[in-house]
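# Inside the fold
One-letter residues, chain by chain:
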Amino acid sequence: GGRGGVVVFNAGGPGLRRYLRHAAYGGRSIGLEMVPPDVAALARSWGMDSVNVSDAEGFDAAFSTAIESRRPWLLDVDITGFEQMQIRPQQPAVR
């Protein structure tokens with residue numbers, strides 16, 4: 001089998017679309033309600049090792065296991081419960 005992996009940082013995308021739609025249309029629901037897919041289950045259906053991760057400790061353990069694996073793998077990381085990151089702008093490179 002192949003070796004390598006994928007990490008999906010999952011923010012529950014359809015939730016953002018629902019929020020924007022409700023904001024644009026005064027809270028009315030139009031069309032169908034989308035549910036975020038279980039990306040890890042999809043990967044397993046394609047023959048990949050995979051796991052859902054929801055915290056930093058779980059990520060460390062799952063990532064270590066995946067790296068040591070000799071098979072294709074996918075980690076689906078639910079980042080909705082993670083503490084918000086502080087992003088600091090970088091200084092321009094000096095040449």
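Further up the page is the structure itself.
Structure report, in brief. Small disclaimer: the values here were computed from a predicted structure and weren't measured.

Our next topic: the nonpolar core. Of all hydrophobic cores here, the largest spans six residues; its members are V53, A62, A66, W73, L75 and V77. Counting only elements with at least two residues in this core, the list comes to α3 (56-68) and β3 (72-78). By residue number, the principal contributor to this core is β3, which donates three residues. Each residue touching L75, except ones within four places of it in the same chain, is listed here: V6, V7, V8, V51, F59, A62 and F63.

With that settled, consider the side chain of S50. For S50, the location among the structural elements is in strand β2 (residues 49-53). A distance of 2.6 Å separates the side chain of S50 from the backbone oxygen of A40, its partner in a polar contact. Side-chain polar atoms of S50 contact the side chain of R44, separated by 3.1 Å. The residues touching S50, leaving out its near neighbours within four places in the chain, are A40, A43, R44 and L74.

Turning our eyes to something else, we now look at the packing of aromatic side chains. Applying the stated criterion to the full structure yields two aromatic pairs. Where F59 meets F63, the ring centres are 5.4 Å apart and the plane angle is 20°; that geometry is what we call stacked. Of this pair, F59 and F63 both sit in helix α3, four residues apart, which is roughly one turn of that helix. Since its relative accessible area comes to 31%, F63 is described here as partly exposed. Note on F63 and W73: the rings are 5.9 Å apart at their centroids and 85° apart in plane angle, and the pair reads as edge-to-face. Here the residue F63 occupies a position in helix α3, and W73 occupies one in strand β3, the gap between them amounting to ten residues. Classification of W73 as buried rests on a relative accessible area of 9%. By way of ring pairs, the aromatic residues F59, F63 and W73 are connected into one cluster.

Cut-offs used in this document
Residues numbered from 1 in each chain as written. Predicted model: local features only at pLDDT ≥ 70, side-chain atom pairs only at ≥ 80, totals over all residues. Heavy atoms only, no water. Core = buried A, V, L, I, M, F, W, Y, C linked by side-chain atoms within 4.5 Å. Buried < 20%, exposed > 50% of the residue type's maximum accessible area, 1.4 Å probe, protein only. Helix = DSSP H or I, 4+ residues; strand = E, 2+ residues; numbered from the N terminus. Contact = heavy atoms within 4.5 Å. Polar contact = N/O pair within 3.5 Å; in protein donor to acceptor, adjacent residues only side chain to side chain. Phe/Tyr/Trp six-rings, centres within 6.5 Å; stacked < 30°, edge-to-face > 60°.

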